[in-house]
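Given next are the chains, with one letter for each unit.
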There are 2 protein chains.
Amino acid sequence: MAKEITSSSNPLIKELVGLKNSKKKKELNRFLIEGEDLIELAYQNNMLDMIVTSIEISLYPSIEIIKVPEFIMEKLSNNKSTSKMIGVAHYDKKELTNDRRVVYLDGVQDPGNVGTIIRTALAFEYDAVILSGDSASKYNEKVIQSSKGAVFSMKVIDDITIEGLKDRGYQIIVTALKNAIDYKDILLKEQFVLVLGNEGQGVKETNLSLADTVVKIDMKNIDSLNVAIAGGILMNFYR
Amino acid sequence: MAKEITSSSNPLIKELVGLKNSKKKKELNRFLIEGEDLIELAYQNNMLDMIVTSIEISLYPSIEIIKVPEFIMEKLSNNKSTSKMIGVAHYDKKELTNDRRVVYLDGVQDPGNVGTIIRTALAFEYDAVILSGDSASKYNEKVIQSSKGAVFSMKVIDDITIEGLKDRGYQIIVTALKNAIDYKDILLKEQFVLVLGNEGQGVKETNLSLADTVVKIDMKNIDSLNVAIAGGILMNFYR
């Protein structure tokens, strides 16, 4: 049975509107998703807690449905054409276990890049993606969208450092333009982490100094590849 | 000497404001660029015709400078924080000559994808990028931005069909998910074109039927890679 809420001063609606704030999302581990495909993927991954909708829906019988008028949907939606259905979801806590293939994003700030890298990591059977604190967040709606929902099934972790990974015995492979060998010329260890850096500055010096191997992709004419492109080429090769 | 214009009803200013319309840009082969790096690259490629600015500049002595008040800059700028300097540029007509490595975008609609593919093509020494009529245009400011100006030095062409390329003797390599061989298992001819398709629908049937070889990248878990990622992997391999 759907519950009906008609006032935007209702505490639940206020809380959900508050989730437009990125700090709030992180703090509450609760975020909104729009688009049927994303909602379906969140559901499949047991992350969907609630659906807010302005229409009658018969999907997801096990999920709480909140029926609201269109003006509340407008308040909640981030899209120009207001969605008819918005999902409320959470992330489960995920930890690095004995994972073999890991990619670490060191200050990758463009949400489209972060989402695309997560999507690519899933396609190439990486086990985990680690986001540094200054990378775009897994709660960012553009990260979620450009990952095409891969962020729901991929193990995305945000509290491990390169130092921590090195301590666990991971081979640290860092991408950089200088003092680097061709990416094809390395001996891949069983457990490794591929470190991709910020769009402008690259990987931080402190992390670069922890590298076991520094690799580059041979190119001409321009200074650097887009980080998601470089990541795609490297993840495809290091499997 | 800078010329000064103070009224937004001045015919030149009206024409430049009109260039926010994408049809107009194409029709006049004239477009606005913002950002010092892009303006510099347009200049280096002899594409920069004029600079409109609200400040004193001593750069580009050979280029016509139009000095305007800030409110006119606001009218012209596409950025939230209005630029101090906007370039007016054109593309030179470019034609396919005896080019060896060509990438063809068949309905790639996301400007970020098109720009990133052009940037990657330049890095991997491709000779030309061909855009189908339903792909994002080289006049689109997001294409220009995400190409990081590569669109100025790359040969970007928009009036050749796959059929035309086949007639010229190009090997037609098409990416698709079905009935495809692994991309590493092909024999690359001297002159080839790599065809990348629309984000949702892939390469059109009519173009697929003209393929000499259909290739795919081995992946798991998800249906497809982002088209710019697939393009990056393939262009890096087919050089």
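Predicted model, so just to flag it, every value in this text is computed and none were measured.

**Some words on the overall build of chain A**
Moving on, step 1. A tally of regular secondary structure across chain A gives 10 helices and 12 strands.
Moving on, step 2. Here the C-alpha coordinates of chain A stretch approximately 60 × 40 × 25 Å along the principal axes.
Moving on, step 3. Expressed as a percentage of its 239 residues, the buried residues of chain A come to 53%.
Moving on, step 4. Restricting the contact set of chain A to residue pairs at least 6 apart, pairs at least 24 apart contribute 74%.

**Considering the interface of chain B and chain A**
By a widely used convention, the size of an interface equals the accessible area lost when the partners come together.
Moving on, step 1. In this assembly, 23 residues from chain B lie in contact with 23 residues from chain A.
Moving on, step 2. Across the chain B to chain A interface the summed buried area is about 2,000 Å²; carbon plus sulfur atoms make up 59%.
Moving on, step 3. Run the count over chain B and chain A and you get four salt bridges.
Moving on, step 4. Note that E125 of chain A and K220 of chain B form a salt bridge whose closest N and O atoms lie 3.6 Å from each other.
Moving on, step 5. Seen at the junction of chain B and chain A, the total is 12 residue pairs in polar contact (both at pLDDT 80 or more).
Moving on, step 6. Classifying every residue of the side of chain B that touches chain A by side-chain character gives 11 nonpolar, seven polar and five charged.

**Some words on the nonpolar core**
Moving on, step 1. Counting residues in each nonpolar core, the largest one holds 109 residues, and the members touching the most others are Y126, F152 and Y238 of chain A together with Y126, F152 and Y238 of chain B.
Moving on, step 2. Setting aside chain neighbours within four positions, we find F152 of chain B in contact with F31, I33, L38, L41, A42, N45, M47, Y91, K94 and I144 of chain B.

**A few points about the relation of the copies chain B and chain A**
Moving on, step 1. With an axial shift of 0.0 Å and an RMSD of 0.0 Å, the rotation relating chain B to chain A amounts to 180°. Interpreted geometrically, this transformation is the action of a two-fold axis.
Moving on, step 2. Mapped onto chain A, 100% of the interface residues of chain B are again interface residues, and the two copies thus contact each other with one and the same surface.

**Observations regarding helix 3 (residues 36–44) of chain B**
Residues and elements named next belong to chain B.
Moving on, step 1. Among the residues making up helix 3, those that are buried are L38, I39 and A42. Viewed along the axis of helix 3, the buried residues span an arc of 100°, placing them on a single side of the element. Those residues of helix 3 that are exposed and aimed more than 90 degrees away from the buried face are E36, D37 and Q44.
Moving on, step 2. Close packing links the buried residues of helix 3 with strand 2 (31–34), strand 3 (48–53), strand 5 (85–89), helix 6 (141–146) and helix 7 (150–153).
Moving on, step 3. The first or second residue beyond helix 3 is N46, which carries a positive phi of 55°.

**Observations regarding the environment of T161 of chain B**
All names here are of chain B.
Moving on, step 1. If you trace the backbone, T161 turns up in the loop between strand 8 (155–157) and helix 8 (162–167).
Moving on, step 2. Its relative accessible area of 47% is what places T161 among the partly exposed residues.
Moving on, step 3. For the pair T161 and Y104, spaced 57 residues apart in sequence, the C-alpha separation works out to 8.9 Å.

**As for the confidence of the model for chain A**
Moving on, step 1. Averaged over chain A, the pLDDT score is 95; the fraction of residues at 70 or greater is 100%.
Moving on, step 2. The complex model carries a pTM of 0.94, and its ipTM stands at 0.93.

**What about helix 5 (residues 111–123) of chain B?**
Residue and element names in this part refer to chain B.
Moving on, step 1. Between its first and last C-alpha atoms helix 5 spans 18 Å; for 13 residues at 1.5 Å apiece the expected length is 18 Å, and the two agree.
Moving on, step 2. P111, N113, V114, G115, T116, I117, I118, R119, T120, A121, L122 and A123 are the residues of helix 5 that are buried.
Moving on, step 3. For helix 5, the N-terminal capping position is held by D110, with its side-chain oxygen 2.9 Å away from the main-chain nitrogen of G112.

**Side note on the environment of K75 of chain A**
Residues and elements named next belong to chain A.
Moving on, step 1. Tracing the chain through its elements places K75 in helix 4 (residues 70–76).
Moving on, step 2. Sequence separation between K75 and K20 is 55 residues; the distance between their C-alpha atoms is 9.8 Å.
Moving on, step 3. Those residues within four positions of K75 in sequence are excluded, and the remaining contacts are S8, V17 and K20.

**Details of the packing of aromatic side chains**
All names here are of chain A.
Moving on, step 1. Scanning the entire structure with this criterion turns up 20 aromatic pairs over all chains.
Moving on, step 2. Ring geometry for F31 against Y91: centres 4.7 Å apart, planes inclined by 25°, an arrangement best described as stacked. Residue F31 is found in strand 2 (residues 31–34), and its partner Y91 is found in the loop between strand 5 (85–89) and strand 6 (101–106); the two are separated by 60 residues along the sequence. One exposure class covers both F31 and Y91, and it is buried.
Moving on, step 3. Aromatic pair Y183 and F237: ring centres 5.2 Å apart, planes at 85°, arrangement edge-to-face. Of this pair, Y183 sits in the loop between strand 10 (181–182) and strand 11 (192–197) while F237 sits in helix 10 (residues 227–237); the two residues are 54 residues apart in sequence, bridging distant segments of the chain.
Moving on, step 4. On the basis of relative accessibility, which here comes to 41%, the residue F237 falls in the partly exposed class.
Moving on, step 5. Through a chain of ring-to-ring contacts, the aromatic side chains of Y126, Y183, F192, F237 and Y238 assemble into a single cluster.

**Quick look at a positive patch on the surface**
Moving on, step 1. A contiguous patch of positive charge on the surface is contributed by K80 and K142 of chain A together with K80 and K142 of chain B.
Moving on, step 2. Looking at where K80 of chain A falls in the secondary structure, it is placed in the loop between helix 4 and strand 5.
Moving on, step 3. Classification of K80 of chain A as exposed rests on a relative accessible area of 90%.

**Details of the pairing of strand 11 (residues 192–197) of chain B**
Residue and element names in this part refer to chain B.
Moving on, step 1. In terms of burial, strand 11 is a largely internal element, six of the six residues being buried.
Moving on, step 2. Pairing analysis gives six bridges linking strand 6 (residues 101–106) to strand 11, with the strands arranged parallel. Within the sheet, the bridge partner assigned to V103 lies in strand 11 and is L194.
Moving on, step 3. Strand direction decides the pairing type here: strand 9 (residues 171–175) and strand 11, joined by four bridges, are parallel. When the bridges of strand 11 are listed, I172 appears paired with V193.

Conventions adopted
- Residues numbered from 1 in each chain as written.
- Chains lettered and ligands numbered in written order.
- Predicted model: local features only at pLDDT ≥ 70, side-chain atom pairs only at ≥ 80, totals over all residues.
- Heavy atoms only, no water.
- Helix = DSSP H or I, 4+ residues; strand = E, 2+ residues; numbered from the N terminus.
- Buried < 20%, exposed > 50% of the residue type's maximum accessible area, 1.4 Å probe, protein only.
- Contact = heavy atoms within 4.5 Å.
- Buried area = accessible area lost by both parts, 1.4 Å probe.
- Salt bridge = Lys/Arg side-chain N within 4 Å of Asp/Glu carboxyl O.
- Polar contact = N/O pair within 3.5 Å; in protein donor to acceptor, adjacent residues only side chain to side chain.
- Nonpolar A, V, L, I, M, F, W, Y, C, P; charged D, E, K, R; others polar.
- Core = buried A, V, L, I, M, F, W, Y, C linked by side-chain atoms within 4.5 Å.
- Least-squares fit on C-alpha atoms with pLDDT ≥ 70 in both.
- Arc of directions from axis to C-beta.
- pLDDT = per-residue confidence, 0-100.
- Expected span 1.5 Å × (residues − 1).
- Phe/Tyr/Trp six-rings, centres within 6.5 Å; stacked < 30°, edge-to-face > 60°.
- Patch = residues over 30% accessible without salt bridge, like charges linked within 9 Å, V, L, I, M, F, W, Y side chains within 5 Å.
- Areas by Shrake-Rupley, 256 points an atom, 1.4 Å probe, with all protein chains shown as cover.
- Lys, Arg positive; Asp, Glu negative; His and termini not counted.
- Charge placed at Lys NZ, Arg CZ, Asp CG, Glu CD.
- Pairing = 2+ DSSP bridges.

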